[in-house]
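If you want the building blocks of each chain, they are given just below.
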Amino acid sequence: MKITSTEFVISAVKPEQYPDDALPEIALAGRSNVGKSSLINRLIQRKNLARTSGQPGKTQTLNYYRINNNMYFVDLPGYGFARVSQETRKQWGKMIEKYLTERMNLRAVLHLVDIRHAPSAEDVMMSEWLDHIGIETCVVATKADKIPKGKRPAHVKVIREKLGLAKDRPVIVFSSEEGLGKDELWAWIKPRLSTDGGTDGEPSETEEA
Ligand code: GTP
Ligand code: MG
């Protein structure tokens with residue numbers, strides 16, 4: 001994917017603040033610190049457009065990044081962060097739920113899990129919930145550089161089993177550090193942008209001359 005423009009648009013806390021230009025949106029869900037913001041930066045080849053941090057819980061709003069003036073990445077607040085109040089968690093939960101269930105422009109979700117660990121109870125819940133909503137989801141196993149190459153398939157197997165993924169569901173092994181999985185992930189995302197909600201038919205890859 002050739003990136004011609006990237007732009008941080010808004011940190012939204014309510015639907016009224018979401019952009020109204022109807023561009024397709026790809027959202028990123030996953031535990032706090034799993035690497036959501038880093039993955040966005042890697043996909044768009046910008047060092048720090050999406051703010052990353054060693055401190056979990058950094059992203060607490062829905063952060064919109066407009067790419068090439070034809071799509072958005074929506075960085076969702078990470079879940080599973082212990083050091084926030086029950087009340088704050090509830091509010092995030094509601095905001096994310098509302099976004100995922102009601103947002104018309106949402107085309108697909110990238111669900112990030114850390115390749116090093118078996119998915120947590122919250123990961124499993126999120127996965128089941130995304131299935132329940134019926135939104136297209138791609139599981140991304142992050143921080144692959146932290147596991148030797150030969151051991152990665154075994155870790156992916158654990159992720160598949162824990163999340164109960166059917167054979168035809170993708171798990172993309174990714175490293176923001178090294179760029180591994182970047183092309184594969186773009187290849188998954190691209191066709192999801194070109195359909196008008198993905199009702200039926202093949203997404204058109206052809207271009208009019
Ligand atoms: P929240 O905003 O808190 O939800 O976290 P996040 O999911 O956006 O995680 P973020 O991208 O900020 O990354 C968290 C930490 O993990 C940072 O210190 C990153 O440098 C590190 N990290 C992210 N991706 C990778 C990766 O692929 N490899 C390695 N080695 N470190 C990574
Ligand atoms: Mg973040």
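Residues numbered from 1 in each chain as written. Chains lettered and ligands numbered in written order. Predicted model: local features only at pLDDT ≥ 70, side-chain atom pairs only at ≥ 80, totals over all residues. Heavy atoms only, no water.

Draft legend 1. Local environment of the packing of helix H1 (residues 36–44) against helix H5 (residues 182–194). Viewed as axis vectors pointing N to C, H1 and H5 meet at an angle of 90 degrees, and their least axial separation amounts to 10 Å. Classified by the angle between their axes, H1 and H5 sit roughly perpendicular to one another. Residues Leu39, Arg42 and Leu43 of H1 touch H5, and the partners they reach there are Lys182, Leu185, Trp186 and Ile189. When grouped by side-chain class, the residues that make up the contact of H1 with H5 number five nonpolar, no polar and two charged. (Axes fitted to C-alpha atoms, helices over the stretch in contact; angles between N-to-C directions. Helix = DSSP H or I, 4+ residues; strand = E, 2+ residues; numbered from the N terminus. Parallel < 35°, antiparallel > 145°, perpendicular 65-115°, else oblique. Contact = heavy atoms within 4.5 Å. Nonpolar A, V, L, I, M, F, W, Y, C, P; charged D, E, K, R; others polar.)

Draft legend 2. Local environment of the nonpolar core. If you look at the biggest cluster of nonpolar residues, it comprises 25 residues, and the most contacted ones within it are Leu39, Phe73, Leu110, Leu185 and Ile189. When contributions to this core are tallied by element, the ones reaching two or more residues are strand S2 (25–30), H1, strand S3 (62–67), strand S4 (71–75), strand S5 (106–114), strand S6 (137–142) and H5. Here this core gets five residues from one element, more than from any other, and that element is H5. Setting aside anything within four residues of it in sequence, one finds Leu39 in contact with Leu28, Leu110, Leu112, Val140, Phe174, Ser176 and Leu185. Counting 20 residues, the second largest nonpolar core, distinct from the first, contains Leu62, Val74, Met126 and Ile135. (Core = buried A, V, L, I, M, F, W, Y, C linked by side-chain atoms within 4.5 Å. Buried < 20%, exposed > 50% of the residue type's maximum accessible area, 1.4 Å probe, protein only.)

Draft legend 3. Main features of the pairing of S3. For S3, a buried count of six out of six residues is recorded, marking the element as mostly surrounded by other parts of the structure. Going residue by residue along S3, you find Leu62, Tyr64 and Arg66 tucked away on one face and Asn63, Tyr65 and Ile67 tucked away on the opposite face as well. Bridging between strand S1 (residues 6–12) and S3 involves six bridges; their strand directions are antiparallel. Paired with Glu7 across the strands is Arg66, a residue of S3. Pairing analysis gives five bridges linking S3 to S4, with the strands arranged antiparallel. Directly across from Ile67, in S4, lies its bridge partner Met71. Two successive antiparallel strands, S3 and S4, enclose a turn made up of three residues, where Asn68 displays a positive phi of approximately 50 degrees. (Pairing = 2+ DSSP bridges.)

Draft legend 4. Main features of the environment of Met126. Topologically, Met126 is positioned in helix H3 (residues 121–133). With 47 residues separating them in the primary sequence, Met126 and Tyr79 have C-alpha atoms 9.3 Å apart. Beyond its immediate chain neighbours, meaning those up to four positions away, Met126 contacts Ala29, Tyr79 and His111.

Draft legend 5. Region of the structure containing the sheet that holds S6. Here we have seven strands laid out as an open sheet, ordered S1-S3-S4-S2-S5-S6-S7, and mixed in their pairing. Unpaired on one side and paired on the other, S1 and strand S7 (171–173) mark the two borders of the sheet. Averaged over neighbouring strand pairs, the angle between their axes works out to 25 degrees when direction is ignored. Relative to the sheet, H3 contacts S2, S5 and S6, its axis offset from that of S5 by approximately 160 degrees.

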